[in-house]
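This is what each chain is made of:
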Amino acid sequence: IKLFINSADEIFGPITTICQNSKVANHLPWTAFIFKPADWECVNDTRTIISDANNIQQYFSDEKRPTLWRAIPALEELQTAWESKGENPKYALYKQAIHGGLGKIAKYYNRLDDKPVYILALALHPYYKLDYIKMVWGGPEEQEMEIAGGNPNAKNWYDEALKTVEKAVQEYWKEGEASNADKTTNAAVASSASKNPAPETLESEYDRHRRLLLEQASRKSDLGWSAELRRYLNDLPDGVSKDMDVVEWWSVSTFGFLSLLSM
């Protein structure tokens, strides 16, 4: 680039001409645009700042596994990275731009309040559940500290997230109860209609009956959706990681969590 610019004036003439009052005021040579070492430093700084967003974007690139659960941690990570750079004297020149980027993050982060699916996706990830929410957003202790600091409207964000999950689990629980009632009725009708079933029919009928018993056992009325959710949230399974295949894990972790599995 430097070699081209140094020879461009001789070959092409000035890169542009500035006119004022219909008269030529100035000729700008190509050499006026040579990048000095300080300029390249600015380019590298800009690349570093932008690469934070690009790296976060790659988190959602997966052809086979769901990545919706990454939304909240990704926004938090990008926000933390840019807040750190905004306070770093090295990036003082870009502070206003970084501040604008943080404002854009906050805009979309606040919109997550209207989309419970992001909280649900994170809660259904066995590595995170709601522990991540409690650590990053805060629980009752953080709420008390904020109130003591003069914010009477401070919220227990863990409790808010828990309410979102509870509402969804309760809805799916009710749907499961209605579905079980239909299955019980259909099984009774099928049984009465088969007076002389063949052996394989008896076996398949028992298979269906046993599967129904298992589903009913996981939905005992004395436990309910609340107990199912508490068991899941309090359980710390082995062999889970943040980059695991969540769908695959749920495909083999069904017993006792049927409402959560339905979600």
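Because the structure is a prediction, the values reported are computed rather than measured.

Student: Help me understand the pattern of salt bridges, please; the structure alone is not making it clear to me.
Tutor: Working definition: two side chains of opposite charge can pair if their charged atoms are close together. Under the criterion given, the structure shown has five salt bridges. Linking R65 and D62 is a salt bridge whose minimum nitrogen-to-oxygen distance equals 3.1 Å. Judged by relative accessible area, D62 falls into the partly exposed class, the value being 32%. Residue R70 pairs with D243 through a salt bridge whose shortest N-O separation is 3.0 Å. Highlighted residues: R70 in the loop between α2 (37-58) and α3 (71-86) and D243 in the loop between α10 (224-234) and α11 (246-251), separated in sequence by 173 residues. When its relative accessible area of 40% is taken as the criterion, D243 is described as partly exposed.

Student: I tried to follow the packing of α2 against α3 on my own but got confused; where do I start?
Tutor: Each pair of packed helices can be summarised by the angle the axes make with each other and by the distance between the axes. Packing of α2 against α3 leaves a shortest axis separation of 10 Å and a crossing angle of 170 degrees. It follows that α2 is roughly antiparallel to α3 by the angle criterion. Taken together, the residues of α3 that come into contact with α2 (itself represented by T48, I49, D52, A53 and I56) are A74, E77, L78, A81, W82 and K85.

Student: How should I be thinking about the packing of aromatic side chains in this particular structure?
Tutor: Two descriptors summarise a pair of aromatic rings, namely the distance from one centre to the other and the angle between the planes of the rings. Within the structure shown, the criterion is met by eleven aromatic pairs. Ring plane angle 55 degrees and centroid distance 6.2 Å describe the contact between Y109 and W137, whose orientation is recorded as tilted. With a gap of 28 residues between them, Y109 in helix α4 (residues 95-111) and W137 in helix α6 (residues 131-137) connect regions that are remote in the sequence. There is no split in this pair, since Y109 and W137 are both buried. Judged by centre distance (5.6 Å) and plane angle (75 degrees), the rings of Y232 and F257 are edge-to-face. Linking Y232 in helix α10 with F257 in the loop between α11 and α12 (258-262), this pair joins segments that are 25 residues apart in sequence.

Student: I keep staring at the side chain of D52 and nothing clicks. Help me out?
Tutor: Positionally, D52 belongs in helix α2. In this structure D52 comes out as buried when scored by relative accessible area, which is 15%. Polar contacts involving the side chain of D52 include one to the side chain of K85, which spans 2.8 Å. What D52 contacts, discounting residues up to four positions off in sequence, is L78, A81, W82 and K85.

Student: It is not clear to me how α3 should be interpreted in this structure. Could you clarify?
Tutor: Residues lying three or four places apart along an α-helix face the same way, a consequence of the helix completing one turn every 3.6 residues. The terminal C-alpha atoms of α3, which comprises 16 residues, lie 22 Å apart, in line with the 22 Å expected from a rise of 1.5 Å per residue. For α3, the set of buried residues is A71, I72, P73, A74, E76, L78, W82, K85 and G86. Of the surrounding secondary structure, the elements contacted by the buried residues of α3 are α2, α4, α5 (117-123) and α6.

Parameters and conventions
- Throughout this description, residue numbers start from 1 for each chain and increase along the sequence as written.
- Reporting in this predicted model follows two pLDDT cut-offs: at least 70 for local features of residues, and 80 or more for side-chain atom pairs to be given and counted; totals over whole chains, interfaces and linings ignore these cut-offs and use all residues.
- Values shown for side chains rest on all heavy atoms present in the structure; no hydrogens or waters enter the calculation.
- Any carboxyl oxygen of Asp or Glu that lies within 4 Å of a side-chain nitrogen of Lys or Arg is treated as forming a salt bridge with it.
- Type-normalised accessible area, obtained with a 1.4 Å probe on protein chains alone, sets the label of each residue: buried when under 20%, exposed when over 50%, and partly exposed for intermediate values.
- Put simply, DSSP marks the helices as runs of H or I at least four residues long and the strands as runs of E at least two long, and each gets a number from the N terminus on.
- Axis definition: a line fit to C-alpha positions, over the contact stretch in the case of helices; interaxial angles, taken between N-to-C directions, run 0 to 180 degrees.
- Oblique is the label for any angle not under 35 degrees, not over 145, and not in the 65 to 115 range, which are roughly parallel, roughly antiparallel and roughly perpendicular in turn.
- Any two residues whose heavy atoms approach within 4.5 Å are treated as being in contact.
- Aromatic pairs are defined between Phe, Tyr and Trp rings, using the six-membered ring for Trp, whenever the two ring centres lie within 6.5 Å; interplanar angles under 30 degrees are classed as stacked, those over 60 as edge-to-face, and all others as tilted.
- Pairs of N or O atoms are called polar contacts if they sit within 3.5 Å, as long as, within protein, a hydrogen donor faces a hydrogen acceptor (for residues adjacent in sequence, only side-chain-to-side-chain pairs).
- To estimate the expected span of a helix, subtract one from its residue number and multiply by 1.5 Å.

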